[in-house]
Amino acid sequence: MNEIMVKTYELIDEIDKSDAVKNIGIYKKKVLEDKELCELISMGNSSDDKYLVMDIKRELYKNSNYKGYMDCYNELFYIVMRINKMFDKFINRRCYK
């Protein structure tokens, strides 16, 4: 079991060293410093109008910093999802009847 923990920590260290993790921090800082982007994000989060939200998303994706942040976020999200899928396969949560 100790070997599994060691390898897991090695995996986490490798993910920490990845370009996606480095860049997501850079892009996040740039996005948070941009007042217009923050206002658009806030408007999108507080609106129930799906057409307004779609327009806001289109506007946000025109900004290279926001797009870069979301690209890194999605890459990391899918890495985590793949790892979780592998762990689910090993654990097999459906062991009961």
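What counts as what
Residues numbered from 1 in each chain as written. Predicted model: local features only at pLDDT ≥ 70, side-chain atom pairs only at ≥ 80, totals over all residues. Heavy atoms only, no water. Phe/Tyr/Trp six-rings, centres within 6.5 Å; stacked < 30°, edge-to-face > 60°. Helix = DSSP H or I, 4+ residues; strand = E, 2+ residues; numbered from the N terminus. Buried < 20%, exposed > 50% of the residue type's maximum accessible area, 1.4 Å probe, protein only. 1 Å grid on protein atoms, 1.4 Å probe; cavity = no way out; pocket = protein on both sides within 12 Å on 5 of 7 lines; lining within 4 Å. Points joined across faces, edges and corners; volume = space filled by probe spheres on them. Nonpolar A, V, L, I, M, F, W, Y, C, P; charged D, E, K, R; others polar.

Describing the packing of aromatic side chains
Next, step 1: For the structure on display, the rule yields 4 aromatic pairs.
Next, step 2: Aromatic side chains Tyr-73 and Phe-77 sit 6.4 Å apart centroid to centroid with 15° between the ring planes, which places their arrangement in the stacked category. One end of the pair is Tyr-73 and the other is Phe-77, both in helix H5 (residues 64–91) and 4 residues apart, which spans about a single turn.
Next, step 3: Overall, Phe-77 belongs to the partly exposed group, its relative accessible area being 36%.

A word on the layout of surface pockets
Next, step 1: Of the volumes computed, that of the largest pocket is approximately 260 Å³.
Next, step 2: Contributing to the lining of the largest pocket are 14 residues, with Ile-41, Asn-45, Leu-60, Tyr-66 and Met-70 lying nearest its centre.
Next, step 3: Counting only elements with at least two residues in the lining of the largest pocket, the list comes to helix H2 (19–33), helix H3 (35–46), helix H4 (50–61) and H5.
Next, step 4: Classifying every residue of the lining of the largest pocket by side-chain character gives 10 nonpolar, 2 polar and 2 charged.
Next, step 5: Approximately 170 Å³ is the volume found for the second largest pocket.
Next, step 6: Secondary structure elements with two or more residues in the lining of the second largest pocket: helix H1 (2–17) and H5.
Next, step 7: Ranked by residue count, the leading element in the lining of the second largest pocket is H1, at 6 residues.
Next, step 8: Tallied by class, residues from the lining of the second largest pocket come to 8 nonpolar, 1 polar and 1 charged.

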